[in-house]
Amino acid sequence: GSPIMVHPVATVLPETRFLTLAYNGLLTQSAAGLARARAVLLEIGPMFNYDKDLQQLDSRELAKLPLLPGLELDGTHASSAYVHSHLEPALAEAW
């Protein structure tokens, strides 16, 4: 059968970004366990207009990061362009 594709939690909401990044970090640490269950954690490309280590930022700094221009929509959701720019490449790499 086909593997299970696990999509990390989207980091769109500024108020919860620090939580979703921490949760996604835990998912990344669990990659070996996911693999035993025939599940693959998708590696989603950068979503922010920021090229340094996100782990060095506190919650306020994370909340201020702008999404990449093509991903901005309404502050709550990412643009549908995300499917082509981020999801399709992640699926292609995992498949």
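Here is a short report on the structure shown in this document. (Residues numbered from 1 in each chain as written. Predicted model: local features only at pLDDT ≥ 70, side-chain atom pairs only at ≥ 80, totals over all residues. Heavy atoms only, no water.)

Once that is clear, we can look at the overall build of the protein. Across its full length, the protein holds four helices and two strands. Each helix and strand of the protein, placed in order from N terminus to C terminus, yields the pattern β-α-α-β-α-α. Projecting the C-alpha coordinates of the protein onto the three principal axes gives extents of approximately 40 × 25 × 20 Å. Considering the protein as a whole, with its 95 residues, one finds that 25% of them fall into the buried category. Counting contacts in the protein only where the partners sit at least 6 residues apart, residues at least 24 apart contribute 59% of the total. A total of about 6,400 Å² of accessible surface is found on the protein, and carbon and sulfur atoms cover 59% of it. (Helix = DSSP H or I, 4+ residues; strand = E, 2+ residues; numbered from the N terminus. Buried < 20%, exposed > 50% of the residue type's maximum accessible area, 1.4 Å probe, protein only. Contact = heavy atoms within 4.5 Å. Areas by Shrake-Rupley, 256 points an atom, 1.4 Å probe, with all protein chains shown as cover.)

Before going further, it helps to spend a moment on a nonpolar patch on the surface. A cluster of nonpolar side chains, V9, Y23 and L26, forms an exposed patch at the surface whose accessible area comes to about 280 Å². Relative to the helices and strands, L26 is located in helix α1 (residues 17–29). (Patch = residues over 30% accessible without salt bridge, like charges linked within 9 Å, V, L, I, M, F, W, Y side chains within 5 Å. Salt bridge = Lys/Arg side-chain N within 4 Å of Asp/Glu carboxyl O.)

One finds V12, L21, M47, F48, L57, L62, L65, L67, L71 and Y82 forming the largest nonpolar core, which totals ten residues. Of all hydrophobic cores here, the second largest spans five residues; its members include V6, L27, L34 and L41. (Core = buried A, V, L, I, M, F, W, Y, C linked by side-chain atoms within 4.5 Å.)

Glancing now at unusual backbone geometry. For residues besides glycine, phi is generally negative; the peptide bonds are generally trans as well. Here the phi dihedral of R38 falls at roughly 60°; this positive angle occurs in a residue that is not glycine. Here R38 shows up in the loop between α2 (31–36) and β2 (39–41).

Three or four residues apart is the spacing at which side chains of an α-helix point the same way, because the helix has 3.6 residues per turn. Given a rise of 1.5 Å per residue, 14 residues ought to cover 20 Å, and the 20 Å separating the end C-alpha atoms of helix α4 (residues 81–94) matches this to within 8%. Turning to α4, its buried residues number three or more, namely Y82, H86 and A90. (Expected span 1.5 Å × (residues − 1).)

Next up on the list: the environment of A39. Mapping A39 onto the fold places it in strand β2. The class for A39 is buried, based on a relative accessible area of 8%. For A39 and P3, which are 36 residues apart along the polypeptide, the C-alpha to C-alpha distance reads 5.4 Å. Beyond its immediate sequence surroundings of up to four residues, A39 is in contact with I4, V6 and L34.

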